[in-house]
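A look at the structure
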Amino acid sequence: MDKIKLLQERKEKIAKNGQEIRERIQAIFDEESFVETAAFSFSKNAFYGEDEAGEGVVTGFATIEGYPFYVVAQNFKAFDGGISKANCDKIANCLDAAEKNNTPVVYLLNTRGVQIGEGVTVLEGLSKLLLRSTQLKCVVPQYVIVDGEVYGSAAMLAAIADFAFFLDKKSVLSINSPFVLSAKAGKNLPKEEVGGVKALSKTGIPAFEVTDLAKVRETIAQISELISIPCIDAELNDSAPILNQKVTAENLLTVFESPLEIWKSYEADVKTVLGRVGGIAVAAVIFDGGENGVELNADKLAKIRNFAEFACDYRLPFVTFTDVKGICPCMCANNSRVMKEAAEYLDVLDAIDTAKISVIYKKAIGLGYSLFAAKSVGFDYTCAFANAQISLFDSVQGAEIEFKDVKADKDTLQARYADENADPINAAKDGYVDAIIEPQFVKQYLIAALQMLAR
C-alpha cells in the first residue's frame, strides 16, 4: 500500500469536507497562521450509518495581528453541524490546550442541535464541554462568533464567553428551536425576531453586532491589545475644552484613546467602555442620563456587574463616570432582582484589586453615590466636576423634605436645595471627594490617579 498516496487522499477528503469553514477561519486569522489539531479524527453516526471527516468541527491554533488564539470552528457541512459526543471531546481537548498554554479561544458556532441517535451520550459530551468552557472563565478570554444558526445547548457557550459576535441578520442564537418558540407563542415569527441580536437584548450576553468577519477580526485585535499590553506612549497633558462647553456622555468619550463600547444595544443609558487613558487600559462605566440622571433597574445593574467582572478577571482599572439618581422609584423595580444585582455588583467591586476611580460628572444621589463613588465601598480616588450634585436626595425630593414649610415656587426651592445641599464641596470637606475640577482637565486627573494606583 502506498501510504503517501493514501495520506494525500485522506487530506484531500478532509479539505473538501471542510473547505467552507476553513475559508471562514482564514477570513479572521492572520494569513497562513492556522495550524490544525486532531485533523484526522472522524465521526461515526450510528443512526445514519455514515462517517464524516473531522468530527464536524475544526480545531487548531492561529494568530490575529500576531496575538495567539486557539480555534474551535463547527463545520455545518458535517451532519448540519450536529453535535456528537466525539465532537464535544475534540473541542474539550482544544480547551485543555488553551488553559495549559494560557491562550484565548475563538469559537465559530453554527449548529442546529445534537446529532440524532446518540441519546444521553451526547448530553454527557455537552456537559463536559460547557464545564470546561466555564472553567476557562477568569483564565483566558473567550470569543464566540454566532456564524449562522446556533440552537440548543451549544448556545450556552455564547453566555459563558466574554464576548459574542452576531453577523447582521445571518446570526440566530436560541436555546430551543426558534420555530418551536414562535409556535408556542402563537405567532409565526422569522427566526431573526426570536434569536437575532436585537431580540436577545435582555439576555445579558455581551454582544457585538458586526457586518462581516473582518470587523470581528478588528474588534478581537483591539480587545487583545487593550488587555495584553500594559502601557503605550500617550500625550499626558491633553485637555478636553469641549467638556467645559457641554458635559455629555458622548463628549466624555474624548477622554479615551480608541474607546470600544461593549454591549452597545443593551440598556443604552449605561455605556460600558474599554479604552486607554494616558496609555493605560481601563474598563469604564459612563452613565448617560441626559438632563435627568440615570435611574437604576435590575438590567442596568446586571450589565454593570458583568462588565465589572471582566475588569476583575483581567485586572483592569475600573472607572465610573457617575450620573445616577439611585434606584428607579417604581413597584416593578422594587419587585425585581434590583437589590440582589446591587449586592452582587458590590461583591465584584470588592474583588477588583487594581485602581477603582470615580468621576462624578453630574449626579451622585443616594445609592447612586454609594455604589459608584463612595470611598467606603473601595473607590481609591473620587473627583467631581464643579457643577456636579452629591446628596442624599435629588433636588425634587430634597426640596420637599427640607423646605416643606417654606412658601416659594418649586423650581426656586429645588435650585436652593441643590445649591445648599448638593454642592460637591460638602462631600469634599469631609474627605469623601478628593478633588473638585474643571471638566476639561478630567483626563489629566485620571492619568495622575492611574499612574499612582494601577498595578
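Notes on the structure in this doc start here. Counting restarts for each chain: residues are numbered from 1 in the order of the written sequence. Only residues with pLDDT of at least 70 get local features here, since the model is predicted, and only at 80 or more are side-chain atom pairs given and counted; chain-wide, interface and lining totals rely on the full set of residues. For side-chain calculations, the full set of non-hydrogen atoms in the structure is used, while hydrogens and water are omitted.

**Quick word on the state of the cysteines**
Our working definition: What counts as a disulfide here is a pair of cysteine sulfur atoms lying within 2.5 Å. Note on classification: 1.4 Å probe, protein chains only; a residue is buried when its accessible area is under 20% of the maximum for its type, exposed when over 50%, partly exposed between these limits.
Scanning the model with the defined rule gives zero disulfides in all. Distance from the sulfur of cysteine 330, which forms no disulfide, to the nearest cysteine sulfur (cysteine 332) is 3.2 Å. Judged by relative accessible area, which is 25%, cysteine 330 ranks as partly exposed.

**What to know about the pairing of strand S17 (residues 381-385)**
The condition is simple: Numbering of helices and strands runs from the N terminus, with a helix taken as a DSSP run of H or I at least four residues long and a strand as a DSSP run of E at least two residues long. A pair of strands is labelled paired if DSSP reports no fewer than 2 bridges between them. Here is how to tell: hold the view so the strands point away, follow the path from the first strand over the helix to the second, and if it runs clockwise the crossover is right-handed.
Most of S17 is tucked away, with five of its five residues classed as buried. Here S17 shows two buried faces, one formed by Tyr381, Cys383 and Phe385 and the other by Thr382 and Ala384. Where strand S16 (residues 356-365) and S17 come together, four bridges link them in parallel fashion. Among the inter-strand pairings, isoleucine 360 is bridged to a residue of S17, identified as alanine 384. Viewed along the sheet, the connection from S16 through helix H14 (residues 367-372) into S17 turns out right-handed. Bridge count for S17 against strand S19 (residues 435-437) is three bridges, and the pairing is parallel. Within the sheet, the bridge partner assigned to cysteine 383 lies in S19 and is alanine 435.

**Considering unusual backbone geometry**
Its identity as a non-glycine residue notwithstanding, tryptophan 263 has a phi of 65°, on the positive side. Tracing the sequence through the fold places tryptophan 263 in the loop between strand S11 (257-262) and strand S12 (270-277). What makes tryptophan 263 buried here is its relative accessible area of 5%. Even without a glycine there, the phi angle at arginine 315 is positive, about 55°. Take arginine 315: it is sitting in the loop between helix H11 (298-313) and strand S15 (318-327).

**A short note on helix H3 (residues 85-100)**
This is how the line gets drawn: Expected helix span is taken as 1.5 Å per residue step, with the number of steps being one fewer than the number of residues. Pairs of residues are marked as contacts when any of their non-hydrogen atoms sit within 4.5 Å.
For H3, which comprises 16 residues, the first-to-last C-alpha distance of 23 Å matches the rise-based estimate of 22 Å (1.5 Å per residue) to within 8%. Buried within H3 we find Asn87, Cys88, Asp89, Lys90, Ile91, Ala92, Cys94, Leu95 and Ala98. Taken together, the buried residues of H3 touch strand S1 (35-37), strand S4 (57-64), strand S5 (67-74), strand S6 (105-111) and helix H4 (120-135). A positive phi of about 50° marks asparagine 102, the residue just after H3.

**What to know about the environment of arginine 337**
The condition is simple: For the purposes of these results, a polar contact is taken to be a pair of N or O atoms within 3.5 Å, where, inside protein, one atom must be able to donate a hydrogen and its partner to accept one; residues adjacent in sequence count only when each atom of the pair is a side-chain atom.
When you line up the elements, arginine 337 lands in the loop between helix H12 (331-334) and helix H13 (338-351). Overall, the relative accessible area of 43% leaves arginine 337 in the partly exposed class. Expressed as a C-alpha distance, the spacing of arginine 337 and asparagine 297, which sit 40 residues apart in the sequence, is 8.2 Å. Not counting residues up to four positions away in its chain, the partners in contact with arginine 337 are Ala298 and Glu344. At 3.4 Å, the side chain of arginine 337 forms a polar contact with the side chain of glutamate 344.

**Remarks on the environment of methionine 452**
With respect to the helices, strands and loops of the structure, methionine 452 is situated in helix H18 (residues 442-453). Taking relative accessible area as the criterion, methionine 452 reaches 68% and is therefore assigned exposed. Considered as a pair, methionine 452 and alanine 355 are 97 residues apart in the sequence and their alpha carbons are 8.8 Å apart.

**Observations regarding the packing of aromatic side chains**
For clarity, the threshold we go by: The rule is short: rings of Phe, Tyr and Trp, with Trp giving its six-membered ring, pair when the centres are within 6.5 Å, and they are stacked under 30 degrees, edge-to-face over 60, tilted in between.
What the rule picks out here adds up to 13 aromatic pairs. Note on phenylalanine 163 and phenylalanine 310: the rings are 5.0 Å apart at their centroids and 70° apart in plane angle, and the pair reads as edge-to-face. Linking phenylalanine 163 in strand S8 (residues 163-167) with phenylalanine 310 in helix H11, this pair joins segments that are 147 residues apart in sequence. With respect to class, phenylalanine 163 is no different from phenylalanine 310; both count as buried. Aromatic side chains phenylalanine 256 and phenylalanine 321 sit 6.0 Å apart centroid to centroid with 65° between the ring planes, which places their arrangement in the edge-to-face category. Here phenylalanine 256, found in the loop between helix H10 (249-252) and S11, pairs with phenylalanine 321, found in strand S15; they are 65 residues apart in sequence, far enough to count as distant. Judged by its relative accessible area of 7%, phenylalanine 256 is buried. Residue classification places phenylalanine 321 among the buried positions, given a relative accessible area of 0%. Taken together, Phe29, Phe69, Tyr143, Phe163, Phe165, Phe208, Phe310 and Tyr314 form an aromatic cluster joined through their ring pairs.

What is shown is where atoms sit, not what they do.
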